[in-house]
Amino acid sequence: MKQTSKELLEAVSKHCYNELTLYRFNNTTLDVSDKYREGRLTALEYLTELTYYYLQEEKKIEEEFKKQVSKQLKLYDCLDDTEYKRGLYDALSVVLGL
């Protein structure tokens, strides 16, 4: 089963935090140069910030989606009270309740 974008971002974030801990605090057991360590830490910090940004964006999707559905409800408000309008309202309202 394919990962969702949220699961991928969380996996990358967890990996980055583990690697950051390893490269920050393991000065004696890792056999890498200081420049390599510095480059690795810079990349991991960048990836951590990037995953955080996209996780925040992912949270906004639900809010934005419901806002668009609400706009559609208001747009149909001017229609006469008919079966068609009730069908529209019922379908859109159910989605807002999810």
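**Brief notes about the pattern of salt bridges**
Thought 1: In total, this model carries eight salt bridges according to the counting rule given.
Thought 2: Of the charged contacts in the structure, one is a salt bridge between Arg24 and Glu45, with a shortest N-O distance of 2.8 Å. Placement of the pair is Arg24 in helix 1 (residues 5–25) and Glu45 in helix 2 (residues 34–75), with a sequence separation of 21 residues.
Thought 3: A relative accessible area of 39% places Arg24 in the partly exposed class.
Thought 4: Residues Arg86 and Asp81 are paired through a salt bridge, measuring 3.8 Å at the closest nitrogen-oxygen approach.
Thought 5: Judged by its relative accessible area of 38%, Arg86 is partly exposed.
Thought 6: With relative accessibility at 60%, the residue Asp81 sits in the exposed group.
Thought 7: Where salt bridges share partners, they join Asp81, Glu83 and Arg86 into one cluster.

Analysis parameters
All chains use their own residue numbering, which begins from 1 and follows the written sequence. With the structure being a predicted model, the display of local features is reserved for residues of pLDDT at least 70 and the display and counting of side-chain atom pairs for 80 or more, all residues being used for whole-chain, interface and lining totals. Hydrogens and water molecules were not included; the side-chain quantities draw on all heavy atoms of the structure. Any Lys or Arg side-chain nitrogen located within 4 Å of an Asp or Glu carboxyl oxygen qualifies as a salt bridge. By definition, any uninterrupted DSSP run of H or I lasting at least four residues is a helix, any uninterrupted run of E lasting at least two residues is a strand, and each is numbered from the N terminus. Categorising residues by exposure relies on relative accessible area from a 1.4 Å probe, with only protein chains included: less than 20% of the type maximum marks a residue as buried, more than 50% marks it as exposed, and the intermediate range marks it as partly exposed.

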